[in-house]
Structure formats: structure tokens, C-alpha cells
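Secondary and tertiary structure notes
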Amino acid sequence: WVAAARMAPDVAPLAIECCQALLRAQRYDELLRFVASLPPAVRSRGRVRLLHAMASLELDDLATVERYFEGDLDIANIREKETLLSDLWFGWHAKRLARERGVAVRDELRQRVRNAFPPPMRFDFRLVE
């Protein structure tokens, strides 16, 4: 994916596929370097920015995730019931609280976060009743 995307750096769908593959392969540092190498028009696409934030969370770069949520979250092709944004939100808060308290992220903390930090509606596509 990386080789193909480097041959056509202006093709946003290819860049997104590449980012998704790097994320699935847990190659987070490489994903961040790849995104940094993209032209600004592709790098600024909503899905690319989301995948960049997801890799940043995995690398414990909580400041980058926080900036992501403070910015424009325009993801044109997000679908109902898609949980990437809410998962990122919960993961960010869980890691943030764990860091503040000096504890590990465990199921109990994750459950507390889900109860105490519901995601704002503008990026909650879970369709929870």
C-alpha cells in the first residue's frame, strides 16, 4: 500500500487505504510519517486525520488526539453505527485518566469512562438508545 500510495500521493482514497492498512498492521510510527509526507489537500481529509489521531492514541500522544477533537471533524463518508470516533474518544479519555492517576487502563476504568465521558453528539454515530 505504501509503495502504491507514494506513486500517486494526490489520490486520497489510496492514501486512506494505506493508512488503514498501516493501522491494522500496528505500524503507527510509519502511519504518522506517511501522513506527514502527503500533500496538504490529502493530509487534511477527514478520514486521514482520523486515522492519524488513532495512531497517535496508540503511541500515547494524547495532545495530538486532544487537538483532533478540538478541530473540524468533517468526515464526509462516515456511516451510521460507525464507532471509530467514539472509540477514539473513549480511548483518549481512558488513557488520559490512567496517566493522571498513575494506573493502567483496565476494563473498570474503561467502563467508568463510558459512563462519565459520553462523546458529544457531533461525533457520536453509534446510534445508542
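Residues numbered from 1 in each chain as written. Predicted model: local features only at pLDDT ≥ 70, side-chain atom pairs only at ≥ 80, totals over all residues. Heavy atoms only, no water.

**Considering the environment of S44**
With respect to the secondary-structure elements, S44 resides in the loop between α4 (40-43) and α5 (46-58). The class of S44 is partly exposed, set by a relative accessible area of 44%. Along the chain, S44 and A12 lie 32 residues apart, while their C-alpha atoms are 9.9 Å from each other. (Helix = DSSP H or I, 4+ residues; strand = E, 2+ residues; numbered from the N terminus. Buried < 20%, exposed > 50% of the residue type's maximum accessible area, 1.4 Å probe, protein only.)

**Thoughts on the nonpolar core**
Residues L23, L31, F34, Y68, F69, L88 and W92 are the most contacted members of the largest nonpolar core, which totals 40 residues. Broken down by secondary-structure element, the contributors of at least two residues to this core are α1 (2-7), α2 (12-24), α3 (28-37), α5, α6 (62-70), α7 (84-101) and α8 (107-116). Every residue in contact with L31, bar those within four places of it in the chain, is listed here: C19, L22, L23, L51, H52 and A55. (Core = buried A, V, L, I, M, F, W, Y, C linked by side-chain atoms within 4.5 Å. Contact = heavy atoms within 4.5 Å.)

**Remarks on α2**
Under the 1.5 Å per step criterion, the end-to-end length of α2 is 18 Å for 13 residues, consistent within 8% with the ideal 18 Å. Residue Q26 follows α2 closely and has a positive phi angle near 60°. (Expected span 1.5 Å × (residues − 1).)

**A word on the pattern of salt bridges**
Counted by the stated rule, this structure contains five salt bridges. The partner of E100 in a salt bridge is R96, and the shortest N-O contact between them spans 3.0 Å. Of this pair, E100 and R96 both sit in helix α7, four residues apart, which is roughly one turn of the helix. D107 is paired through a salt bridge with R110; the nearest N and O atoms lie 3.0 Å apart. Linking D107 with R110, this pair stays in helix α8, spanning three residues, or about one helical turn. The class for R110 is partly exposed, based on a relative accessible area of 40%. (Salt bridge = Lys/Arg side-chain N within 4 Å of Asp/Glu carboxyl O.)

**Comments concerning the environment of R27**
By the secondary structure assignment, R27 is in the loop between α2 and α3. Residue classification places R27 among the partly exposed residues on the basis of a relative accessible area of 40%. Taking the C-alpha atoms as reference, R27 lies 9.9 Å from E58; in sequence the two are 31 residues apart.

**Details of the environment of A3**
Tracing the sequence through the fold places A3 in helix α1. For A3 and C18, which are 15 residues apart along the polypeptide, the C-alpha to C-alpha distance reads 9.2 Å.

**Regarding the side chain of T64**
Residue placement: T64 occurs in helix α6. Of the polar contacts made by the side chain of T64, one reaches the side chain of R67; its length is 3.0 Å. Other than its neighbours up to four places away in sequence, T64 contacts H52 and S56. (Polar contact = N/O pair within 3.5 Å; in protein donor to acceptor, adjacent residues only side chain to side chain.)

**Concerning α5**
With 13 residues, α5 extends 19 Å from end C-alpha to end C-alpha; this agrees with the ideal 18 Å at 1.5 Å per step. By the criterion of burial, α5 is predominantly enclosed, with ten of the 13 residues buried. Every buried residue of α5 is listed here: G46, R47, V48, L50, L51, A53, M54, A55, S56 and L57. Once α5 finishes, D60 follows within two positions and takes phi at roughly 60°, a positive value.

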